[in-house]
Amino acid sequence: MLTKFETKSNRVKGLSFHPKRQWILASLHSGVVQLWDYRMGTLIDRFDEHDGPVRGVHFHRSQPLFVSGGDDYKIKIWNYKLRRCLFTLLGHLDYIRTVQFHSEYPWIVSASDDQTIRIWNWQSRTCISVLTGHNHYVMCAGFHLKDDLVVSASLDQTVRVWDISGLRKKTVAPGGEDMLRLPPMNADLFGGGDAVVKYVLEGHDRGVNWAAFHPSLPLIVSGADDRQVKLWRMNDTKAWEVDTLRGHVNNVSCVMFHARQDIIVSNSEDKSIRVWDMAKRTGVQTFRREHDRFWILAAHPEVNLLAAGHDAGMIVFKLERERPAFATHAATLYYIKERHLRTYDFQSQRETTLFSLRRQAAAGFNQGPRTMSYNPADNAVLITSDAEGGSYELYVIPKDHRSDPAPECKRGLGTCAVFLARNRFASLDKASNSILIKNLANEVTKRCPSPCPTTDAIFYAGTGNLLCRSDDKVVLFDVQQRSTIAELSTPFIKYCVWSGDMSHVALLSKHAIIIANKRLGNSCTVHETIRVKSAAWDDNGVLIYTTLNHIKYCLANGDSGIIRTLDVPVYITKVFGNSIFCLDRDGKNVQLQVDTTEYMFKLALLQHKFDQVLAMIRNSALCGQSIIAYLQLKGFPEVALHFVKDERTRFNLAIECGNIEVALQSAQELDDKDTWHRLGIEALRQGNHQIVEFSYQKTKNFERLSFLYLITGNVEKLSKMLKIAEMRNDIMGRFHNALYLGDVRSRIRILEEAGQIALAYATAATHGLSEEAERLADGLDEPPELDADARLLLPPPPILKEDNWPLLTVSKGFFENLVATGKGPEADGGAEELDMEDGVGAGWGDDLDLEPKADADEADEDTMANGDEEAEEDGEGGWEMEDLELPPELSQPQAAAGTDSIFVAPTPGMPASQRWTQKCNLAAELAAAGDFPAAMRLLNRQLGIVSFGPLQPYMLDLYTGSHAALPTLPGVPTLAAALDRNWTSSETSKPPTAPALVYTLSMLDEQLNAMYKSVTDGKFTEGLRQTNALLHKIALTVVETRREVDELKDLLNIVKEYNIAVRTELARKDVKDNPARAAELAAYFTHTNLHPRHKILGLNSAMGVFYKAKNYSTCATFARRLLELNVSQQMGQKARQVLTACERTPTDAMQINYDPRNPFDLCSLTFTPIYRGNPYVQCPFTGARFQPACKHKISPIGDISQIGMDASGLSCLPGQSR
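Residues numbered from 1 in each chain as written. Predicted model: local features only at pLDDT ≥ 70, side-chain atom pairs only at ≥ 80, totals over all residues. Heavy atoms only, no water.

Stated formally: UniProt positions are given in the numbering used here, feature names are shortened, and annotations may be inferred rather than shown by experiment.
In the nomenclature of an unreviewed UniProt entry, the protein corresponds to Coatomer subunit alpha from the organism Apatococcus lobatus. Annotation of the protein in UniProt includes, under Subunit (unreviewed entry), the sentence "Oligomeric complex that consists of at least the alpha, beta, beta', gamma, delta, epsilon and zeta subunits."

Below, the structure written as C-alpha cells:
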C-alpha cells in the first residue's frame, strides 16, 4: 500500500471521490461532511447540517453537487460551489445507509434501515420509486454503471438485484414524469411496478453489509457478517455463486472490484484491508491498522486511487507504484511496459519492443520492476524490483533486437543495483551493510563496507563513484579508494538525476529538490507543497521537473517557476529545446511543447548575457509584475527600467537603481505630491540640490526649502523665502528665515509684531542694537535681566557655494549605451524615451536645467529675434551655412575614449570584519570580528560549551576592543576603524589579517595573582567569581607560540583546581549543622592540587575539624601531611602536639565517606569521591571528572560546558585547527 493522504477525525462512514478534481468527501459519525483536497492535504470545506451520523455521501458526475444521507432520516443535496444545502428529500422512516447518483439520469438511490430502497428524481425533488422486499435493514444500494440494474445488500442475509428498465422507459416516455408520481400509500406499501426483483442471491450465513457490481463484467461481489466475501455471476435469466473468499476474522464492512485490475478489495472490522486475486481466488495482500476498524471503501472512477474510512479518520492510497522503470541514453529511451522491454527514439519518435521479461515465480503483488540502469558499453540493462525483499535482473540486449522470449537473465539479491563502470555494477547488501561490486557474469569481484551505518540505497555518481543514501544525508563514495569524498545533509532522497556533463546533480525527495555540483557543494534547495515526481536537465543546464500537477524549472542558483500545468502526472525522460518527452502512468510516450522564454531569460541574466536579454525583451511578451519583481529581487532594476511603460513602475525602478533623470521625467508625468517627495529624498541622497529644490517647490515644502538654502549657502533665495513667508502671514516661517539669514532687525520686528516684547528687547540688547533696546524697554514694566555670557545667534557666513555634490563619474552600462545609440528597446521614442542631452559624455554628474520650460523657450525666441534683426541690418545674408550630404557612417558622433566599454562603478571594499571572518579560525577571533554564531559553534565543537550567557560580556569586549571610533566634525557620525593585530607602520596598505584581542596571557597571570590573594584572605566568594572569570577568558584567549599554549593549558588546570577547592569550602560552610558532612568536605579540600601555601591552610583547617570531632585516627594523617610541608615553626609545633595526642587514641568517633589511602578525584557537582578504577564522565573544557549520573548536566566549573559531551579540545594558536 502506498499511502498518499491520511486524516485524523471521528469515525468515517462514507467516502466519495470527485470524478475530475483531486477532492474527496468524507462523512463522519459526528454528523459533519468534510471536503478534502487529498493532493494538497488541506481541508477545503465542512458541511454541518445533519443531526447525527452521516453514513452515505456521493459526488455527482458532472454537476457541482453531492448528496448525503444520515441517521436523521434526511437526504440532503448540496452545491459545493455555493457552499450550502439546496434542498432536503424526506420519505425514509429510519437511518439512511447509502446514497448514490445515477451516472446518466437525474436519479438518486438510497438504502435505509426502514427495509426499503428509494429512487428519487433530484430535479423534480420527488420519490419516483420504492423498492420493497427486504425484511431487515438495507445496508447498501447502488446503480449499475451501464445497465438498468440496482444491487442491494441487507441484514436479511440476501443480495438482491433489481431491474429498473421500466422506470427508465417511463422516464424517457412523454408524460412519464406524471406517471411516476405514485400515491404515497401504494408506493410505500407495495412498491412501484416499474422496479422489480430480478435475482435474490442467497448464500451468506449472516447479514450482508455490502454488494457491488463489476464495472464491465456480469459479476457481483458481496461481504457479510459471516466474515466471507462471495463472488457471484449473473446472466439474463439467473445468478449463481462462483466462489467464496475466506480470510477476514470479523464482519466484512465493504467490498468492491478494482476498476483497472482483476482484483477485489475488501475491508473489515478486523482492522484490515485485503486484496484478492480474481483469477486465483486467493488473497495477495493484507494491510492492517493497530487500533482502528475499517467501515467503508471508495474507488476513484478514473485514477488508480482507493480510499478507506476507519474509526480514527481515513486514508487515500494506491495498491502499487505506477511509475514506469526507465533509463535514458543519448537519444534513446529504454523502458518497461506490460513486462516488455521497449525502446523509444526521441528523434524519429518510433517505439520498438526488444523482448519480454520473464515473470519471477517468487514475485508477488506490487513487486514489478522498480528502477532500471543502462550500460551502453555492453548494451546491458539492470532491472531492480522489490521481489524477495529486493532483487535485480541483468539482461544483455541481443543485437538483432528480436529475441523473444527474453535472453538469459542473471539474477541476484540486493536492495539496489546500478552500473558503476564499463563492465562492473554495484549492488547493496543491506544485511551486511556492504556494497558488492560484480562483473557482467554476476560474480563478486570486490566487497567494500558502506560509508554509512544505515545506507539503504545507492545511486550512480560517475565512473567508480556512488551516492549512498542514509536517513538524513547523502554521501559521495569512491568505491576504488573506499573513501568518502563529500557528504550533504538532505531529506529522504528518492531519485538522483545528473546533468549531461555530470557537473550538477539534482536530488529528488518527496517535497524538495536539492541541486549541487559534482562534489555536493554549492547546494540549494527548492521546496514544494505537493509531491515531486520526476526531473531531467536540458542542454542549457536548467533542471525541468514535474510535480503532480505542474511542469516547473529550477536554475542552478535555486530560482524556480512554473512552465505549464498538467492534467495527469507524467515522468520526464528527456528535454529537447521546447519539447519535453514524458512517460505517463500507462507507459505511453508523450511529447509536450512548452514555452521556455521565462527561464531562458532568467538564465541569461544569471550568466550576464545581456545581448540575449535584450533580444528577449524585444521579441517576447515578458513584461509583467512577476518579471519586474524578479529583476528587482536579483538586483537588475535597470534592466526592468528599459522595458516598463507604466510611469509609476518606471519611477519606482528609477529610484531603486538611482537613475535620477528617468525618475525626474516620470515624476513630471505623474505630478503628485508623494512622487515629488520621494524624488526629493533620493536627490538629496545623491547630493543633487537642484532636483531637491525643484521637488520641494512642487510640494510647497517651505520649511525644508529654507533649510536647503541655508546648508547650501544660497542667501539670495533665503531672502526670497522671507518675503514669501511675509506674504503667507507665516510668523514662524518669517522668524526661521530671518534666523537663517542672520537678519537681527527682522527678528526684532517679527517678535514685536507677535507681541513678544520681552524677547524682542533681549534680542536687541544682546546683539548691541541699543536704540531698539531702549525703545522696547519703554514698553516694558521691568526689562528682563540679560546673561552676561550670552552669545550671538547668527549663522556662519557661506564661504564657498557649490551647486551639487561631486559624484563618482562612471560610464554607462550595457543597456544605457544601447538606448543612447538607438539600438535599445526604447530608441523609437514614445512615452518612455529618455531625454539624453548631446553634452552627456563619460559622466552622469552634469547638472540639470531645471528652469521652467516657458522661460527657456522665451529666451530662445528673443535670441533668434535679435539675430534676425542684425542680419537684416547687415543686408549681406551672413555666412552661407548649407547642409552637406555626408555618408551615414561619418554622421555618427565620435564617442569619447573609453565610453564604449562597459564600466561598473567600483564596489565598496570588503569590510575588515568580513576578511577576519574568512581568514580566522579561532573562536576569540571570530567573536572579535562580530561573527558570534560562528564563534559559538566553534566553542561548542571544541570545548562542549552550551551555555553562552556567561560568555556574552567577554565576547562583546572582544568585539568592541577590535574596533575604534574616530571623532569627526560636529553633527557628523564617527568613523569606525578596525584594529588589526598584525598592523605595522611600515605596511599601512596591507589588508587586515586578524583582529586585535583584549585578552592576553600576561593579563590572565595578573588576574590569577589577584585570585590567589582572595583565597589567602579567605574571601572564597570573591575567589569563586575570579576563577569563573578566568575560565571564561581562557576560552577566548589567543596565544602566539607553542610554549604559550602549554602555559595557557597549565593555567586552565590551576584555575580548575582552585574552582573545585573554593566551591568545596563554600559547600562546607553551608552544612555546619551536619558535622559528618562538614568533616568529609574539609578532608576532600586537602586533595585539591593547590599552591603549597593554600594547601597548608587547608590541611591545618581539616586537622582542626577532625580533632574537634574526635576522629583522631584521620586527624593524624592530616598532621603527618602537614609536617611534610615547609610550615612555620609555630604551626609545626602545633601539628606535632596534635599528632602525639592522636596516636595515643587512634580511633574515629564518626564514620565518614573518606579513605585517605585510596587515591580519588572529587566530583565537584555531588562532592563525592571517584576512586581510581570507578567509571566517570569528564567536562570537555576543563577535564574535571564527575560521577556518571552527572552526564548531560552543565559543569559547575565555569557554568558553560556540558558534562560528557564529545569535544576536540582547547584551540588557541592560529593555524592550530586547520
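Still more ground to cover, so stick around.
1. Thoughts on the nonpolar core
Formally: Buried residues of nine kinds, namely Ala, Val, Leu, Ile, Met, Phe, Trp, Tyr and Cys, make up a nonpolar core once their side-chain atoms join them within 4.5 Å. The classification of residues rests on relative accessible area computed with a 1.4 Å probe and restricted to protein chains. Under 20% of the type maximum is buried, over 50% is exposed, and intermediate values are partly exposed. Numbering of helices and strands runs from the N terminus; a helix is a DSSP stretch of H or I covering at least four residues, while a strand is a stretch of E covering at least two. In this description, contact between two residues means that some pair of their heavy atoms is separated by no more than 4.5 Å.
Formed by 89 residues in total, the largest nonpolar core has its most connected members in Leu1036, Leu1048 and Phe1186. If you tally residues by element for this core, the top one is helix 27 (residues 1042–1070), at 10 residues. Here Leu1048 is in contact with Leu1001, Leu1004, Ile1034, Thr1037, Val1039, Leu1210 and Cys1212, once residues within four sequence places are set aside. Among the nonpolar cores identified, the runner-up in size contains 58 residues, and Ala224, Phe257, Ala308 and Met314 belong to it.

2. Some remarks on the pairing of strand 44 (residues 483–489)
Condition: Here a strand pair is declared whenever DSSP counts at least two bridges between the two strands.
When strand 43 (residues 473–478) meets strand 44, the two strands line up antiparallel, connected through six bridges. In the sheet register, Lys473 faces strand 44, and the bridge partner there is Ser489. A loop of four residues connects strand 43 with strand 44, the two strands running antiparallel in sequence, and Arg482 in this loop sits at a positive phi of about 55 degrees.

3. Some details on the pairing of strand 40 (residues 444–449)
Relative to strand 40, strand 39 (residues 434–439) runs antiparallel, the two sharing five bridges. Bridge assignment links Ile437 to a residue of strand 40, and that residue is Lys446. Linking strand 39 to strand 40, which pair antiparallel, is a turn of four residues; within it Asn442 sits at a positive phi near 65 degrees.

4. Comments concerning the environment of Ala1119
Assignment of secondary structure puts Ala1119 in helix 30 (residues 1112–1123). On the basis of relative accessibility, which here comes to 0%, the residue Ala1119 falls in the buried class. It is 5.3 Å that separates the C-alpha atoms of Ala1119 and Ala1135, two residues lying 16 residues apart in sequence.

5. A few points about the pattern of salt bridges
Stated formally: Here a salt bridge means any side-chain nitrogen of Lys or Arg lying within 4 Å of a carboxyl oxygen belonging to Asp or Glu.
As enumerated under the stated definition, the model contains 42 salt bridges in all. Measuring nitrogen to oxygen at the nearest pair gives 2.7 Å for the salt bridge that ties Glu925 to Arg981. Of this pair, Glu925 sits in helix 22 (residues 923–928) while Arg981 is found in the loop between strand 57 (975–978) and helix 25 (1001–1016), placing the two residues 56 residues apart along the sequence. By relative accessible area, Glu925 is classed as buried at 2%. For Arg981, a relative accessible area of 24% corresponds to the partly exposed category. With a shortest N-O distance of 3.9 Å, Arg1157 and Asp1155 are connected by a salt bridge. Since its relative accessible area comes to 72%, Arg1157 is described here as exposed. Three or more residues joined by partner-sharing salt bridges are found here, namely Glu6, Lys8, Arg289 and Asp292.

6. Quick word on helix 9 (residues 660–670)
Buried residues of helix 9: Ile660, Val662, Ala663, Leu664, Ser666 and Ala667, and no others. The secondary structure elements touched by the buried residues of helix 9 are helix 7 (637–641), helix 8 (647–657), helix 10 (673–686) and helix 11 (689–699). Within two residues after helix 9, Asp671 carries a phi angle of roughly 50 degrees, on the positive side.

7. Concerning the sheet that holds strand 30 (residues 332–337)
Our working rule: Whenever a helix is involved, its axis is fitted only over the stretch in contact; in every case the axis is a line through C-alpha atoms, and angles between N-to-C directions fall within 0 to 180 degrees.
The antiparallel open sheet is built from four strands, whose spatial order is 29-30-31-32. Of all strands in the sheet, those bounded by a partner on one side alone are strand 29 (326–329) and strand 32 (350–356). The average angle at which neighbouring strand axes cross in this sheet is 20 degrees, direction not considered. In terms of strand pairing, strand 31 (residues 340–345) meets strand 32 through six bridges, oriented antiparallel. Looking at the pairing, His340 lines up with Ser356 of strand 32.

8. Quick notes on the sheet that holds strand 41 (residues 457–460)
One open sheet accounts for four strands, arranged 41-42-43-44; its pairing is antiparallel. The open sheet has two free edges, formed respectively by strand 41 and strand 44, since each of these has just one partner strand. Strand-to-strand twist in this sheet, taken as the mean axis angle between neighbours without regard to direction, amounts to 25 degrees.

9. Here's the deal with empty space enclosed by the protein
Defined as follows: Site definitions follow a grid-based scheme: protein atoms alone, a 1 Å grid, a 1.4 Å probe that fits but cannot get out for cavities, and for pockets an open set with protein on both sides within 12 Å along at least five of seven lines, plus lining residues having an atom within 4 Å of a point. Grid points are joined across faces, edges and corners, and a volume is the space filled by probe spheres set on the points. Three residue categories are used. Nonpolar comprises Ala, Val, Leu, Ile, Met, Phe, Trp, Tyr, Cys and Pro, charged comprises Asp, Glu, Lys and Arg, and polar comprises the others, including Gly.
Using the criterion set out here, one finds two cavities of 30 Å³ or more in the structure. Taken as a whole, the second largest cavity holds about 50 Å³ of empty space. Lining the second largest cavity are Leu922, Ala923, Ala924, Leu939, Gln942, Leu943, Ala1035, Thr1037, Val1038, Leu1210, Ser1211 and Cys1212. Secondary structure elements with two or more residues in the lining of the second largest cavity: helix 22 and helix 23 (932–943). Examining the composition of the lining of the second largest cavity, we find that three residues originate from one element, helix 23, more than from any other. The residue inventory of the lining of the second largest cavity, partitioned by class, reads nine nonpolar, three polar and no charged.

10. Describing the packing of aromatic side chains
Operational definition: Pairing of aromatic rings covers Phe, Tyr and Trp, the last through its six-membered ring, and needs centres within 6.5 Å; plane angles under 30 degrees mean stacked, over 60 mean edge-to-face, and all others mean tilted.
Per the counting criterion, the structure on display carries 33 aromatic pairs. Ring centres of Trp107 and Phe143 lie 6.4 Å apart, and the angle between their planes is 40 degrees; on these two criteria the pair is classed as tilted. One end of the pair, Trp107, is in strand 11 (residues 107–112); the other, Phe143, is in strand 14 (residues 138–143), with 36 residues separating them in the sequence. Among the residues examined, Trp107 registers a relative accessible area of 0% and is labelled buried. Taking the centre distance of 5.4 Å and the plane angle of 70 degrees together, the rings of Tyr392 and Phe425 count as edge-to-face. Here the residue Tyr392 occupies a position in strand 35 (residues 391–396), and Phe425 occupies one in strand 38 (residues 424–429), the gap between them amounting to 33 residues. Comparing Tyr392 with Phe425 shows no difference in burial state: the two are buried. Ring-pair connections join several aromatic residues into one group, and the members of that group are Trp23, Phe47, Phe59, Phe66, Trp78 and Tyr80.

11. A short note on the side chain of Ser450
Applied cut-off: By the criterion applied in these results, polar contacts are pairs of N or O atoms within 3.5 Å in which, for protein atoms, one can donate a hydrogen and the other can accept it, and in which residues neighboring in sequence qualify only through two side-chain atoms.
Tracing the backbone through its elements, the reader meets Ser450 in the loop between strand 40 and strand 41. There is a polar contact of 2.4 Å between the side chain of Ser450 and the side chain of Thr455. Other than its neighbours up to four places away in sequence, Ser450 contacts Asn433, Ser434, Ile435 and Thr455.

12. Some thoughts on unusual backbone geometry
Look at Gln157: it is not a glycine, yet its phi comes out positive at around 75 degrees. By the element assignment, Gln157 lies in the loop between strand 15 (149–154) and strand 16 (158–163). According to the relative accessible area criterion, Gln157 is partly exposed, its value standing at 33%. Positive phi outside glycine occurs at Asn379, with the angle close to 50 degrees. Within the fold, Asn379 resides in the loop between strand 33 (369–375) and strand 34 (380–385).

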